[in-house]
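Fold and geometry: a report
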Amino acid sequence: MSGSSEAPAVEASALTHPGRKRTTNQDAVGKKLTDRGGVFVVADGMGGHRTGELASKLAVKNILEVIEEDAPSPTLLLEAFEEANEAIYMAGQRPESRGMGTTATALALDLPYALIAHVGDSRAYLLRDGELTQLTQDHSWVAERLRQGLLTATEARNHRWRNVITNALGSFPDARVDLIGLKVQAGDRFLICSDGLSGVLEDAVLQEVLDTLPTDAAAERLVKLANEWGGPDNISVVTVAVNHIPKNHSPPPWALPLEGEEPVVLALGQEDESVQVQVLNSGHARGFWRRWRDFIFLIVYVALLLFVLLFNNR
Ligand code: CA
């Protein structure tokens, strides 16, 4: 049968939707297909009036531009993120643009290899043999506590600080980028999404949709489901399917660590302990007062205890 060899090596679909509660869409998506794969980006911008939209668009534009120039490599991907970071950081120096920043998660395919560069709490997933794996770690306040065992997954999902992220492009003079690599197999599927999708739908739902629908229909279905579940935030989805691996490719030198079956962390841009927390939503205020309330209760409790002890000793 010649049917499967005529299908393109890679198919992809990129969608973004404002959701049902927000009037603007601060997310941006981008994709560029090449002979040996392509580049796919999701960015989730933040900041005041219009600046979030600008930040995510600048990220997608800069990342696609840099990677178009040459075949993907870890160095090139980091360079692309540095350029995006600088463009957003500079734009954010204007007084009216304070707090401007964006998440960015990019997948670069140079088959049979995949590289994922990542900043923030957008996500990249791999579906292989029907099983979904999250490739990226969220740079968020709740994800750090989850990794330290201080919160459960359910607590993290519902926590009032779940939208607080600890790393973003444009927030610091230098980008702090995680880099993950893996060797791709025919049949692999990737999902890149913003938290407007992953914060609403369970992993089991993502897995089932990716496993049963082609890329276009899967992206549409995921956006629809997130909206049916309330659509509280902007929703961005990029679905990528690897149909087959093109032949006659000598492995680039950087791909040497990726020959095993498992994804490999090539670089970690962020140390959990050294992050500055950025507070990005109004949930903060409640947490702040709650901490003070707990503190006042503690003082009153200690005072009562001392009073009782002193009174009893007389
Ligand atoms: Ca978001």
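Cut-offs applied
- Residues numbered from 1 in each chain as written.
- Predicted model: local features only at pLDDT ≥ 70, side-chain atom pairs only at ≥ 80, totals over all residues.
- Helix = DSSP H or I, 4+ residues; strand = E, 2+ residues; numbered from the N terminus.
- Buried ≥ 20, exposed ≤ 12 C-beta atoms within 10 Å, placed from the backbone.
- Contact = placed C-beta atoms within 7 Å.
- Domains from an automatic or database assignment.
- Pairing = 2+ DSSP bridges.
- Axes fitted to C-alpha atoms, helices over the stretch in contact; angles between N-to-C directions.
- Core = buried A, V, L, I, M, F, W, Y, C linked by C-beta atoms within 7 Å.
- pLDDT = per-residue confidence, 0-100.
- Arc of directions from axis to C-beta.

**Digging into the overall build of the protein chain**
Of regular secondary structure, the protein chain possesses nine helices and eleven strands. Based on the C-alpha atoms only, the size of the protein chain along its principal axes is roughly 95 × 45 × 40 Å. In the protein chain, buried positions account for 44% of the 314 residues. Taking the intrachain contacts of the protein chain between residues at least 6 apart in sequence as the baseline, contacts between residues at least 24 apart amount to 73%.

**Here we look at the domain arrangement of the protein chain**
What the domain assignment lists for the protein chain is domain 1 (3-281) and domain 2 (282-314). Each of domain 1 and domain 2 has a C-alpha centre, and the two are 44 Å apart.

**So, the sheet that holds strand 4 (residues 101-110)**
Either a parallel or an antiparallel arrangement is found when strands of a sheet pair, and the pairing is made through backbone hydrogen bonds. If you trace the six strands from one edge of the open sheet to the other, you get 2-3-4-5-8-11, paired in antiparallel fashion. Looking at which strands have only one partner, the edges of the open sheet turn out to be strand 2 (27-34) and strand 11 (264-267). Along the sheet, successive strands turn relative to each other by an average axial angle of 15°, direction set aside. Relative to strand 8 (residues 178-183), strand 5 (residues 113-119) runs antiparallel, the two sharing six bridges. Counterpart to Ala117 in the pairing with strand 8 is Leu179.

**Concerning the pairing of strand 4**
Each regular strand shows side chains that alternate between the opposite faces of the sheet. Among the ten residues of strand 4, ten are classified as buried, and the element is accordingly described as predominantly covered. Burial along strand 4 is two-sided: the residues Gly101, Thr103, Thr105, Leu107 and Leu109 and Thr102, Ala104, Ala106, Ala108 and Asp110 are all buried. Pairing of strand 3 (residues 37-46) with strand 4, which is carried by ten bridges, proceeds in the antiparallel orientation. Bridge pairing in strand 4 links Val41 to Ala106. Sheet topology note: the strand 4/strand 5 ladder contains seven bridges and is antiparallel. Residue pairing for strand 5: Leu107 is matched across the bridge by Ile116. Between strand 4 and strand 5, which follow one another and run antiparallel, lie two residues.

**Things to note about the nonpolar core**
The nonpolar side chains of a soluble globular protein tend to be buried, and buried together. Counting 78 residues, the largest nonpolar core has Ala59, Ile63, Phe81, Ala106 and Leu107 as the members making the most contacts within it. Looking at this core element by element, the count peaks at eight residues for helix 2 (residues 51-68). In this structure Ala59 touches Ala28, Ala43, Ala84, Ile88, Thr102, Ala104 and Leu169, once residues within four positions along its chain are discounted.

**Focus on the confidence of the model for the protein chain**
Any residue range with low pLDDT should be treated as having predicted coordinates unsuitable for detailed reading. Across the protein chain, the average pLDDT comes to 88, with 91% of residues at 70 or higher. Contacts from residues 273-287, a stretch scored under 50 in pLDDT, to residues over four places away or in other chains number 23 contacts.

**Topic: the sheet that holds strand 7 (residues 131-134)**
In spatial order, the strands read 1-10-9-6-7; together these five strands make up an open sheet with antiparallel pairing. For this open sheet the edge positions go to strand 1 (10-17) and strand 7, each flanked by a neighbour on one side alone. Taken pair by pair, the neighbouring strands of this sheet meet at an average axis angle of 15°, ignoring direction. Direction of pairing for strand 6 (residues 123-128) relative to strand 7: antiparallel, over a ladder of four bridges.

**Looking at helix 7 (residues 203-212)**
Among all positions in helix 7, only Leu206, Val209 and Leu210 are buried. Angular distribution of buried residues about the axis of helix 7 spans 95°; they occupy a single face of the element. The exposed residues of helix 7 that point more than 90 degrees off its buried face are Ala204 and Thr212. In this fold, the buried residues of helix 7 make contact with strand 6, strand 7, strand 9 (189-193), helix 8 (215-228) and strand 10 (235-242).

**Brief notes about the environment of Thr215**
The residue Thr215 is located in helix 8 in this model. Using a count of 21 C-beta atoms within 10 Å as the deciding quantity, one classes Thr215 as buried. Sequence separation of Thr215 and Ala12 is 203 residues, and the distance between their C-alpha atoms is 5.9 Å. Not counting chain neighbours up to four residues away, the residues in contact with Thr215 comprise Glu11, Ala12, Ser13, Thr239, Val240 and Ala241.

**Concerning the environment of Ala87**
Here Ala87 shows up in helix 3 (residues 74-91). Residue classification places Ala87 among the partly exposed residues on the basis of 18 C-beta atoms within 10 Å. Residues Ala87 and Ala59 lie 28 residues apart in sequence; the distance between their C-alpha atoms is 8.2 Å.

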